[in-house]
Structure formats: C-alpha cells, structure tokens
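Chain residues, written in single-letter form:
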Amino acid sequence: MTKSNMDIKYLLLSLLIGIITLSTLDSCYKERLKIHKFSGGSWNPEMAVPLFFGKLDMQMVVDRGEDYWYEDPNGLLSIVYRSEQITQVGNNVIDIPDQQFDSTVSLLLPIGLPTGDSALYLFQLNAKFAPPTNERFDSILVKEGDFIIEVSTDINHDSYVELIIPDFTRYGVPLKQKIDLPYNGSSPTSVTKTISLADYWVKINTNGDIDNKVSEFINVLVKKGNQADNSPYSISLSQEIKNITYYQLFGYFDQYTVDIDLQKIDISMFNHSAIFDASLEEAMLKLNFSNSFGIPVDITFDSLYVEKDGVIKDITSNLLPTFSINYPDINNVGYSDSTIIIFNQDNSNIVDVINFFPQKFFYSGSSTANPLGDIIPNFVIDTSKISIQTEVEIPLYGRYIVYELTDTTTINLENEYNWDEINSIDVNFNTVNHFPFDASMQIYLTDTNYIVIDSLFSDIVPLTEAAIPGPPPDYRVSIPEYYTVTASITNQRLQNLKYAAHMIVSGKSSTYDSGTKVVKIYSDYSLDFQVSMKVNYNTDF
C-alpha cells in the first residue's frame, strides 16, 4: 500500500470515528450533569459542529511520497524511477599478465689479465613484454608488483652484475640493481633478488617500436682471482614481473567485451488495486552513461523491456540495439565523459510501453571496447568504470478514470457508543479544488467474512468537482472549483455500523469532463477542505 492510500484510509476512518464520537456527546453530558434525576420526557435536539478542515497540496504529496519527483521549470510534475549500475573497474577489466624474460650473455677474460685486476663488460638487451594478443602496452604507472631477477653464472672469479633499465623510473630515477656474485669455490653461482615496482613508471616502446620492447643495460665486472681462466663464461638472467596492478595504463587494448548485468527498476505508480483507465501523453527513458575509460566504447542492449504480471513488452527504438558513448581523450586522464541517450515518443514506443502500466523495468547488455578495431591510443586507470544511471520519467500529463479504488479497515465499534440515541447524521463537505479531477466516495460495511451488509451513505458521495483546465499546451488551471455536498447517515445504517467487522472505503475519480480531457498536474495545485456535521439525536430527560 502506498502512503497516499494510507493517508486516505486513515483520514476517512478518523472522520467516521469523529462523527460518531461527537454524536454521542449528549449521553456523556447527561451522565456528568445527572440529567436523569429530572422529570421524565423525551426530546429531539440537533447539534451542528465543525469537524475538521485542512489542505492537501502537491508539495505534501511530494514530500511524503516514496517516489522521486521532478519539477520542470514551469512547475509540471513528473514521477521518476531511478537506478545506477557500475561496470567492473580498471584492473578487473584490463589486466597485465605476468612477464618472463630469459637471456644469456657470454664473455672472455682478456688474455694475461693479472690477478687482482678487473674486466668490465657492457651488454644491451631488449626484453619483450607479452601483452594479450593484438594489444600493446606503452607505459604503466605501477601500483603493486614484483620484479624478480635470478642470475646464474659459471664464472670462477668474484664478479657482479649491474642491471640498468632507463625506462623503469621511480620519482625520475631509473631502476638500477647491483647483484654480487662471489665465487665460493664451486660453480655455478646463482643469486636471486626481488625488487618492488610500486610507484614505478614502466615505459615500453620508447624507441618508436610497436613490439612491446624494453631496453636494458647489463654491466658485468669480473675481478681476476688466483683461479684459472676458464673462458668463455656465460651469465644467464631470468627476469619475472609478477602480480602487476596499476594506477594508469597506456597503449592499445584491442577489442574486449564486458557484460552489463540484468538490472531491474520497480515502478510503483501502477502497483495498486484500482480498476482504472488512463492514457499518458508523455514518458521518457533516460540513460546517462559516464565513461572514464580512455577507450571508444559501444553499448549493445540484449534486452530492454517492461513487465506486468509476468507479461513482457519490449521497448523498441531506432537507437537500438547498439550506440557509441563518449570517452575522455589522452589529455583528460582521470576524468570521465558523459553520454545521454533519451528514448521518447519521437524515437521509440516508450509512451505505449508506459500506457501498458508496467510494474517493473529491465535491461541488460554489454559494452565493447575499440568496436571499429582502429589502433588508436587507449588508456585505463585503476578507478576507470562505466556507470549507467537509468531514469524512467512519467510526467503527470494525460487523462484517467478510476472506476474503483478500494481499501479495507478492520473496525470494532459495537460497545463504544450509545447507538440508539442517534437518529441521523448529516455530514457536510466543502472543498476548493485546484486539481483538474473530481473524486467521490462510498463506505461499505461488511461482516467478518467480508460480505457487504450495508453502505454508510445512501449514494456515492461526490467530494469535489474538477477544476477546468486551461488551453493547450499548458492546460493550467487558473480558477479553482468550489463545491459543497451533504451526505446523510440514517439510524438504520448506524445500527449496521455497530455490528460491522470491516469497513471498505471505495473511491472513484476522473480527470476533467469524465476523463475525456487531457490535463497536467502542477506543483502549486491544492485542495482545501472543510468537514462539518449536524446530528439529530433522541434522548430522555
């Protein structure tokens, strides 16, 4: 049950109890004043009292409602249903596989190198990164990762290897690692070092290549000992880069697909027990994509539909199934770019879909990177994502007829009041209505099995008349409608109320001219009401 329906139910229940309570004041005062001590007789007085008054305006409905409301610059109100979905982020979409570089260099000691002297050698290597097929890594700002170097050699003299990678820098300083290889009397000698790559900029293809190469420089120094010269010697380097995550990654990442999971939005506007006919003139489905991947992306919807009681109605549009969304360029790393796709009556069947009076909205699909396959600069950061904000907007613009809107309340009034003293009750309703719709009411009384035993009023009670809307396109009401009606409750109906177990409040309503005219509901509309009553009762004295 919505809050608005609950408000109506408790308003009418309060009205009923208030009427009965005030109607029995005579017996209360008779006991208090001990009127029964005077000489006997009977009289039929009447008592007229105001019951309550108030004002129902759209601001109250907006503030107390469970739905989200939107007001346009002219004051026209819409109900909006929203959801947001975020795709997988950066490292979970594009990852860097572990890398392995193995290489071997050979050297000869100079002939006749004296004991105690040293020989220095310089080698250049090209370690090759191995990204996934058809991808290219240009540079990486590393968040976490390990660089593991294992050096093995058959050199039978003390030596060291110094690895220098100019394009691996941290705070502007190139990576440089010296690894001592002391001779311990037997060969080969093997040493392993692990270097944290956290906060390193790893640059690849700096020489204009496109084959994912990294230049390395190897300095090898051998200090001649007393051992024999067993040249030629070899040095094997096994290099691993493992468990890399990144802050930023630049290159070209080929084509990949990320699923957009099935998303549901509940549309509570039509979740009620009313029997009605309506026709809404406008509706809108808005999809707001925010993309912080520096990559061209296409969105494809596999499903886009609404559902009511298990029945599905698809949303069709010339915008579907695939469209492109914007993305930040290389100069806007860390920012996002937005794309808004709007389905309205001009490009889709969204109005027909909403006039299906759905209870749920669903969508699912996928996103595809680099859909054209063009090799252009891409980037991704650790927080890159595509967020999808979905809005189903339904302006209060159309016409309707509510044939029946019911709500049930349990009551127990049998022992609460002196029913026999009340002859009749006249309830007066005075309204000043700015809304372009009318409303009427009847209250049915039932037994414990919900079988109707009577109605509280002899006829359906019209509570207000519709105000006249102005001309299109605004259809704004400028003059409110004043209305007064009196509803009578006879003693017989009050007797039935005494034994009733449930009260069914039944309401009817329609827009102006019996629901045949289009109207709009604005934020400044209101309904002022006053309720008073006149009680005719019978008492002895």
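Residues numbered from 1 in each chain as written. Predicted model: local features only at pLDDT ≥ 70, side-chain atom pairs only at ≥ 80, totals over all residues. Heavy atoms only, no water.

**Regarding the overall build of the chain**
So, step 1. Tallying secondary structure elements over the chain gives 7 helices and 33 strands in all.
So, step 2. Relative to its 541 residues, the chain shows a buried fraction of 47%.
So, step 3. Per element, the accessible surface of the chain, about 26500 Å² overall, is 49% carbon and sulfur. (Helix = DSSP H or I, 4+ residues; strand = E, 2+ residues; numbered from the N terminus. Buried < 20%, exposed > 50% of the residue type's maximum accessible area, 1.4 Å probe, protein only. Areas by Shrake-Rupley, 256 points an atom, 1.4 Å probe, with all protein chains shown as cover.)

**Brief notes about empty space enclosed by the protein**
So, step 1. All told, the structure shown has 3 cavities of 30 Å³ or more when counted by the stated rule.
So, step 2. Thr87, Gln88, Val93, Tyr256, Val258, Phe293, Val297, Ser367, Thr368, Ala369 and Ile386 together form the lining of the largest cavity.
So, step 3. Counting residues per element, the lining of the largest cavity draws most heavily on strand β21 (residues 360–369), at 3 residues.
So, step 4. Per-class residue counts for the lining of the largest cavity are 7 nonpolar, 4 polar and no charged.
So, step 5. In this structure, the second largest cavity occupies an estimated 40 Å³ of space.
So, step 6. In this structure, the second largest cavity is lined by Ile96, Phe129, Ile140, Val142, Leu197, Val202, Ile241 and Ile244.
So, step 7. Taken together, the residues of the lining of the second largest cavity break down into 8 nonpolar, no polar and no charged. (1 Å grid on protein atoms, 1.4 Å probe; cavity = no way out; pocket = protein on both sides within 12 Å on 5 of 7 lines; lining within 4 Å. Points joined across faces, edges and corners; volume = space filled by probe spheres on them. Nonpolar A, V, L, I, M, F, W, Y, C, P; charged D, E, K, R; others polar.)

**A word on the nonpolar core**
So, step 1. Membership of the largest hydrophobic core comes to 98 residues, with the highest contact counts inside it found for Phe129, Phe168, Phe289 and Phe361.
So, step 2. The dominant element in this core, judged by the number of residues it contributes, is strand β13 (residues 233–252), at 7 residues.
So, step 3. Setting aside anything within four residues of it in sequence, one finds Phe289 in contact with Ile299, Phe301, Phe323, Ile325, Asp337, Ser338, Thr339, Ile341, Ile386, Ser387 and Ile388.
So, step 4. Core analysis: the second largest hydrophobic core is formed by 25 residues, Phe457, Tyr483, Phe529 and Met533 among them. (Core = buried A, V, L, I, M, F, W, Y, C linked by side-chain atoms within 4.5 Å. Contact = heavy atoms within 4.5 Å.)

**What about the side chain of Glu135?**
So, step 1. Here Glu135 shows up in the loop between β6 (118–128) and β7 (136–153).
So, step 2. No salt bridge is formed by the buried Glu135. Its closest oppositely charged neighbour is Arg136, at 10 Å.
So, step 3. Sequence-distant contacts of Glu135, that is, excluding residues within four places in its chain, are made with Asn212, Tyr252, Phe253 and Asp254. (Lys, Arg positive; Asp, Glu negative; His and termini not counted. Salt bridge = Lys/Arg side-chain N within 4 Å of Asp/Glu carboxyl O.)

**With respect to unusual backbone geometry**
So, step 1. The peptide bond linking Ser231 to Pro232 adopts the cis configuration, its omega dihedral lying at 0 degrees.
So, step 2. Topologically, Pro232 is positioned in the loop between β12 (213–223) and β13.
So, step 3. Residue Pro473 is reached from Pro472 by a cis peptide bond, and omega for that bond is 10 degrees.
So, step 4. Of note, Pro473 is situated in the loop between β28 (461–464) and β29 (481–490).
So, step 5. For Tyr171, which is not glycine, the phi dihedral falls at a positive 55 degrees.

**Concerning the sheet that holds strand β16 (residues 284–291)**
So, step 1. Strand order in this open sheet of 5 strands is β3-β4-β23-β16-β20, and the pairing throughout is antiparallel. Edge positions in the sheet fall to β3 (68–71) and β20 (337–343), since each has one partner strand and no second. Averaged over all pairs of adjacent strands, the angle between strand axes in this sheet comes to 25 degrees, irrespective of strand direction. (Pairing = 2+ DSSP bridges. Axes fitted to C-alpha atoms, helices over the stretch in contact; angles between N-to-C directions.)

**A short note on the packing of aromatic side chains**
So, step 1. Throughout the structure, instances matching the rule amount to 16 aromatic pairs.
So, step 2. Plain terms: the ring middles of Phe250 and Phe379 are 5.9 Å apart, the flat faces sit at 40 degrees to each other, and that makes the pair tilted. Of this pair, Phe250 sits in strand β13 while Phe379 sits in strand β22 (residues 378–381); the two residues are 129 residues apart in sequence, bridging distant segments of the chain.
So, step 3. What makes Phe250 buried here is its relative accessible area of 14%.
So, step 4. Take Phe379: its relative accessible area is 1%, and that puts it in the buried class.
So, step 5. Grouped by ring-pair contacts, the aromatic residues Phe289, Phe301, Phe323, Phe361 and Tyr363 constitute a single cluster. (Phe/Tyr/Trp six-rings, centres within 6.5 Å; stacked < 30°, edge-to-face > 60°.)

**Overview of the layout of surface pockets**
So, step 1. Estimates place the volume of the second largest pocket at around 230 Å³.
So, step 2. Taken together, 16 residues make up the lining of the second largest pocket; nearest its centre are Asp72, Leu76, Glu282, Glu393 and Pro395.
So, step 3. Across the lining of the second largest pocket, the residue classes tally to 7 nonpolar, 4 polar and 5 charged.

**Here's the deal with the environment of Gly294**
So, step 1. With respect to the secondary-structure elements, Gly294 resides in the loop between β16 and β17 (297–308).
So, step 2. Exposure remark for Gly294: the relative accessible area of 2% places this residue in the buried category.
So, step 3. With 84 residues separating them in the primary sequence, Gly294 and Asn378 have C-alpha atoms 5.4 Å apart.
So, step 4. With residues up to four places along the chain from it excluded, the contact list for Gly294 reads Tyr327, Pro328, Pro377, Asn378 and Phe379.

**A look at the pairing of strand β27 (residues 452–455)**
Each regular strand carries side chains that alternate between the two faces of the sheet.
So, step 1. Bridge count for strand β26 (residues 437–446) against β27 is 3 bridges, and the pairing is antiparallel. Looking at the pairing, Thr446 lines up with Val452 of β27.
So, step 2. In sequence, β26 turns back onto β27 through a hairpin of 5 residues, with Tyr450 there showing a positive phi of about 65 degrees.

**Description of the pattern of salt bridges**
So, step 1. Applying the stated criterion across every chain yields a total of 7 salt bridges.
So, step 2. Across the pair Arg82 and Glu391 runs a salt bridge whose closest N-O atoms are separated by 2.9 Å. Taken together, the residues span a long stretch of sequence, with Arg82 in strand β4 (residues 77–86) and Glu391 in strand β23 (residues 386–395) at a distance of 309 residues.
So, step 3. Among the residues examined, Arg82 registers a relative accessible area of 47% and is labelled partly exposed.

**Side note on the confidence of the model for the chain**
So, step 1. Residues at a pLDDT of 70 or more form 85% of the chain, whose mean pLDDT is 84.
So, step 2. In the model of the chain, helix α2 (residues 25–33) stands out as the element of lowest mean pLDDT, 36, in contrast to β20, which has the highest, 97.
So, step 3. Within the model, the stretch residues 1–43 combines pLDDT values under 50 with 76 contacts to residues more than four positions away or in other chains. (pLDDT = per-residue confidence, 0-100.)

**Points about the environment of Leu175**
So, step 1. Considering the arrangement of structural elements, one finds Leu175 in strand β9 (residues 173–181).
So, step 2. Residues Leu175 and Ile165, spaced 10 residues apart in sequence, show a C-alpha to C-alpha distance of 5.4 Å.
So, step 3. With residues up to four places along the chain from it excluded, the contact list for Leu175 reads Phe147, Leu163, Ile164, Ile165, Phe168, Ile195, Leu197 and Tyr200.

**Focus: the side chain of Ser83**
So, step 1. Of note, Ser83 is situated in strand β4.
So, step 2. Exposure remark for Ser83: the relative accessible area of 14% places this residue in the buried category.
So, step 3. Here Ser83 is in contact with Gln263, Ile265, Tyr363, Ile388, Gln389 and Thr390, once residues within four sequence places are set aside.

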